[in-house]
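Read off the chains here:
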Amino acid sequence: MMRRSAFHSDACARGRAMPNERVPLLVPVSAPMRSLRDVQTRLNAMLWSSEICYGHVLNGGIDADQPVQALFAHVETQAWTKNVKGLVKYRKSGHAFLRDVARNLDLMHRQVMVSYYAAFEAYLAARLGVRNGPFVRTLADLPALRTDLRPRGETVVLADACRLLRNRLAHHGKLPRREDDDQTADMCASFQPKNQAAAAQTEAALASWRLTQERVAAIVRTLIADVDRRCGATRRRSALRHEFFYTLFAFTHLDNLAFEIEEAAFDPARATLWIARDAKRVRSPEMRSRATTPPAPRPAPS
């Protein structure tokens, strides 16, 4: 029997009506999908709380002319312990400390994306028995996805783009910064294998998703252009860069593919847990028929 969350039971008890397309639904999903969402929730909390901490330090008006130990002598940290030479392990000026903190943002965003992608790989392995990309090929012939609600081609390509970005982030390769730079061209070219047999398989797979190489390149370039535009909009007021937005987009696009896999392979016997998703983004009639609306959030204590 399907286990219902406290939110689900509460909503049913109140007899809530099905929502319009702009409100979230609680929809039944498999345990691997619920686990993926739980990882995303934890990483989101890490991302936002860390950004607050970094922002507080970077914009807190500290006297950067002071040594960092003098600035933060009240902080209990292993940074003040001494090494075998009797020197404090972290002994930098305030200016150098602020530079380190600003650089840490990029590293933190990289680690969040790498961690989330690892969780997505674990989802694919548990749900479909596959792990590696390119997804346009590895997912194309899976029997579990041969349904009327097969994942959409654009969704698969965007997840593949996140896979390629993750590889560059994990190995500290150059990231695409503009839709017309060499790194973006390399990402587009990765969908065109030079090996003749692999190229034929890729073309057949793209056709099964109703995609062409031109369409794939357009999807990838649009993603990069969107990130570049967002970076430009925030550059004057924050230190956020491409790494941050690629991480957020990975949350969105990998979650979208996972959910569309849930729709294609929906099995009421396995869909025993629940996640929230906007009604307009739920295509499956079976999921909709079993869904409910979450209760209204309780007001924060005064």
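All residue numbers refer to positions counted from 1 along the written sequence of the respective chain. The predicted origin of the model limits local features to residues at a pLDDT of at least 70 and limits the giving and counting of side-chain atom pairs to 80 or more, whereas totals for whole chains, interfaces and linings rest on all residues. Excluding hydrogens and water, the side-chain figures rest on all heavy atoms present in the structure.

## Focus on the packing of aromatic side chains
Stacked, edge-to-face and tilted are the three classes for Phe, Tyr and Trp ring pairs, Trp counted by its six-membered ring, which pair at centre distances within 6.5 Å; planes under 30 degrees apart are stacked, over 60 edge-to-face, the rest tilted. Considering all chains together, one arrives at 8 aromatic pairs under this definition. Taking the centre distance of 4.9 Å and the plane angle of 85° together, the rings of Tyr 116 and Phe 251 count as edge-to-face. Taken as a pair, Tyr 116 in helix H4 (residues 94–128) and Phe 251 in helix H10 (residues 242–264) lie far apart in primary sequence, 135 residues in all. Each residue in the set Tyr 117, Phe 120, Tyr 123 and Phe 135 is aromatic and connected to the rest through ring pairs, giving one cluster. Against the face of Trp 209 rests Arg 150, its NZ or CZ located 3.7 Å from the ring centre. Our definition puts a charge over a ring when NZ of Lys or CZ of Arg is within 6 Å of the ring centre and also within 35 degrees of the ring normal. The ring of Phe 135 has Arg 163 lying over it, and the distance from NZ or CZ to the ring centre is 5.9 Å. Only DSSP runs of H or I with at least four residues qualify as helices, and only runs of E with at least two residues qualify as strands; both kinds are numbered from the N terminus onward.

## Here's the deal with the packing of helix H6 (residues 153–170) against H10
Where H6 meets H10, the closest approach of the two axes is 9 Å, and the angle between their N-to-C directions is 140°. The angle between H6 and H10 places the two elements in the oblique class. The element H6 and its partner H10 pack so that their crossing is left-handed. Across the interface between the two elements, Thr 155, Val 156, Leu 158, Ala 159, Cys 162, Leu 165 and Leu 169 of H6 pack against Glu 243, Tyr 246, Phe 249, Ala 250, His 253, Leu 254, Asn 256, Leu 257 and Glu 260 of H10. Residues are sorted three ways: Asp, Glu, Lys and Arg are charged, Ala, Val, Leu, Ile, Met, Phe, Trp, Tyr, Cys and Pro are nonpolar, and all the rest, Gly among them, are polar. Classifying every residue of the contact of H6 with H10 by side-chain character gives 11 nonpolar, 3 polar and 2 charged. Interaxial angle, 0 to 180 degrees, is taken between N-to-C directions of lines fitted to C-alpha atoms, where a helix line uses only the stretch in contact. Angle categories: roughly parallel below 35 degrees, roughly antiparallel above 145, roughly perpendicular from 65 to 115, and oblique for all the rest. A clockwise turn of the near helix away from the far one marks a right-handed crossing, whereas an anticlockwise turn of less than a right angle marks a left-handed crossing. What makes two residues a contact is simply this: any of their non-hydrogen atoms within 4.5 Å.

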